[in-house]
Every structure is written in C-alpha cells, then in structure tokens.
Amino acid sequence: MKHVPLIRVTQLEKFRRFISGEYEYETEQGVIDCITQEFTGNEYTRIGTAFHSIVETGKPLCEKVPAGERSFLYYGKEQKEPVPGGRKFNIDGYNVVLDINQCQIALDYRNEYPNTYHEIRLYKDFGDAVITGCADMIDGMEIRDIKTKYSYPSDVDYINSYQWKFYLELFQANVFHFDLFVFEGYDKNKHGYDVRGLPLKRYEPAITCYRYEGMEQDNMNLVHSFLEWAEYRNLTKYLLKEKIEE
C-alpha cells in the first residue's frame with residue numbers, strides 16, 4: 001500500500017483564501033484547524049443542511065411545528081414576536097425550524113431541475129495527492145452548488161474561488177453555477193436554529209463560471225503550493241490515506 005495525501009476541495013479553497021491576503025478572517029491557524037480538526041458544524045451550516053435535505057430528497061424526515069411566539073432579548077429586555085408554523089429537522093441532534101414558505105422555495109428549486117443527480121462525490125489522482133469534492137447537483141455537463149447565506153454576497157468572492165475550478169475538473173463538466181439563497185435579517189443570537197418568518201430570497205442571477213484554457217494547470221499549481229506549505233508546517237501526516245496500487 002502507498003500512502004498519499006487526500007485533500008478536500010474545501011481545504012484547498014480555505015488555503016487559497018489565506019494566501020491571497022484578501023480575507024482578514026482567513027488565518028493560517030484556521031487552515032491548520034481545517035486539516036487537523038473535524039468540523040462539527042454551527043447554526044449557519046445546519047440551517048443550510050436542512051435546506052439541502054429538501055432540495056436533495058423532496059421528502060426529508062421532519063416534524064410539523066405549530067405557529068407560536070419567538071422570545072429574544074432586545075437591549076437586555078425580553079421581547080416576543082409571532083412566528084408562523086413550519087417544519088422541524090433534526091440536524092446533528094439540533095432542531096432546525098423552517099417555515100412553510102422557506103420549505104416551498106427549496107421544493108420549487110428542486111423541481112426546476114428534475115433530472116439532476118444529487119450529492120455526488122468524486123476523487124481524482126493529481127499524482128502527488130488525491131483531490132476529492134462532493135457536488136450538490138450534476139445536471140448534464142453543468143454543476144449547481146447550493147449555498148444558504150445570511151448576508152448579501154459578493155460575486156467576486158465566488159468568481160475568484162477555486163471550488164468551481166476543481167469541480168469542473170473532477171466532474172469533467174463545463175459550467176458551474178452558484179445558486180445562493182439569503183435569509184434576510186438573520187441574527188444568530190435572536191434566531192438561532194429557528195428561522196421562521198425571515199424572508200428567504202434567491203440571489204439572482206446565479207453566479208456562473210465556465211471552464212477555460214489553463215484551468216487544470218491553475219488547479220495543479222494550487223495543489224503543489226498547498227502540499228509545500230503542509231510539508232513545511234508538518235501537516236502532511238494528517239492528510240495521508242492508504243491507496244491500493246492497481
């Protein structure tokens with residue numbers, strides 16, 4: 001058996017953001033943690049997982065939740081506001097609650113692409129490492145990636161991303177679409193895992209990226225930079241996996 005680094009596209013993109021110097025919140029320690037620690041999730045990712053489960057299955061496991069009230073602190077004083085009925089999803093042991101309108105937006109999106117394949121993971125041997133990524137939706141020669149957002153995004157962040165470049169190479173596709181859905185007014189302290197009543201707006205048009213000449217070399221260059229950095233920081237051991245020689 002031969003041990004080779006197995007690198008997730010998410011790790012490569014986090015590394016790219018760090019070395020670009022354009023993102024104050026992307027630190028070297030954050031990249032190290034992404035390699036050495038298992039990501040357990042948070043409010044943002046678990047709400048996204050609930051939304052994804054509707055898009056992926058159309059009939060996710062959930063429970064009805066009646067209309068009621070939300071309690072929250074406003075300048076230190078308890079306040080209440082009405083919330084509509086909805087559906088409760090158990091995500092990693094946490095109860096994520098969406099309202100019916102939000103669930104319907106996910107269903108409508110799913111129905112726009114009835115012939116897609118959902119949640120497909122592939123691996124590609126880059127020689128010095130194996131790269132892996134999981135596509136939300138494969139629609140012929142096009143990939144669609146679903147992201148739930150909690151503030152309005154910047155197109156440039158997605159266009160500069162290497163996620164779409166690696167995915168187009170992994171899946172031998174030509175077009176990559178970022179489909180973004182924004183929970184307007186979300187406040188983690190106020191809403192937590194219950195986003196009922198928040199407007200859910202689809203960011204339009206989708207941010208679309210296309211395969212280009214030299215893309216594969218750009219990907220390879222980033223892989224080599226990542227491997228050199230991981231070796232310098234003594235992190236390669238966290239990436240090694242057994243690969244059976246054919």
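Quick note: structure is the one above.
Just so we're clear, the structure is a prediction, and the values are computed from it rather than from any experiment.

A. Highlighting the packing of helix H3 (residues 43–57) against helix H4 (residues 100–112). Their axes nearest at 8 Å, the elements H3 and H4 cross at an angle of 40°. Classified by the angle between their axes, H3 and H4 sit oblique to one another. Considering how the two elements wind past one another, H3 and H4 form a crossing that is right-handed. Here Phe51, Ile54, Val55, Glu56 and Thr57 of H3 lie close against H4, whose contacting residues are Gln102, Cys103, Ala106, Leu107, Tyr109 and Arg110. Within the contact of H3 with H4, the residues separate by chemical class into seven nonpolar, two polar and two charged.

B. How the structure looks around unusual backbone geometry. Omega for the bond connecting Glu204 with Pro205 falls within 30 degrees of zero, at 0°, which places this linkage in the cis form. In this fold, Pro205 is placed in strand E11 (residues 200–210). One non-glycine residue, Glu119, adopts positive backbone phi at about 50°. Examined against the element boundaries, Glu119 turns out to sit in strand E7 (residues 117–125).

C. Local environment of the side chain of His52. Along the chain, His52 turns up in helix H3. Not counting residues up to four positions away in its chain, the partners in contact with His52 are Glu119, Asp136 and Ile146.

D. A look at the pairing of strand E10 (residues 175–183). A large share of E10 lies buried, amounting to nine of its nine residues. Relative to E10, strand E9 (residues 142–149) is paired through eight bridges, and the arrangement is parallel. Considered in E10, the bridge of Ile146 is made with Asp179. By the bridge criterion, eight bridges tie E10 to E11 in an arrangement that is antiparallel. Residue pairing for E11: Phe181 is matched across the bridge by Arg202.

E. Local environment of the sheet that holds strand E6 (residues 94–99). Reading across the sheet, the three strands line up as E2-E5-E6 and stay open at both edges, with antiparallel pairing between neighbours. Because the sheet does not close on itself, it has two edges, and the strands there are strand E2 (63–65) and E6. Averaged over all neighbouring strand pairs, the angle between strand axes comes to 40°, with direction disregarded. One ladder, built from six bridges, connects strand E5 (residues 86–91) with E6; its direction is antiparallel. Considered in E6, the bridge of Arg87 is made with Leu98. Strands E5 and E6 of the sheet are contacted by H3, whose axis makes an angle of about 60° with E6. Across the sheet, H4 touches E5 and E6, and the angle it forms with E6 is around 85°.

Criteria and thresholds
- Residues numbered from 1 in each chain as written.
- Predicted model: local features only at pLDDT ≥ 70, side-chain atom pairs only at ≥ 80, totals over all residues.
- Heavy atoms only, no water.
- Axes fitted to C-alpha atoms, helices over the stretch in contact; angles between N-to-C directions.
- Helix = DSSP H or I, 4+ residues; strand = E, 2+ residues; numbered from the N terminus.
- Parallel < 35°, antiparallel > 145°, perpendicular 65-115°, else oblique.
- Left-handed = near helix turned anticlockwise from the far one by under 90°.
- Contact = heavy atoms within 4.5 Å.
- Nonpolar A, V, L, I, M, F, W, Y, C, P; charged D, E, K, R; others polar.
- Buried < 20%, exposed > 50% of the residue type's maximum accessible area, 1.4 Å probe, protein only.
- Pairing = 2+ DSSP bridges.

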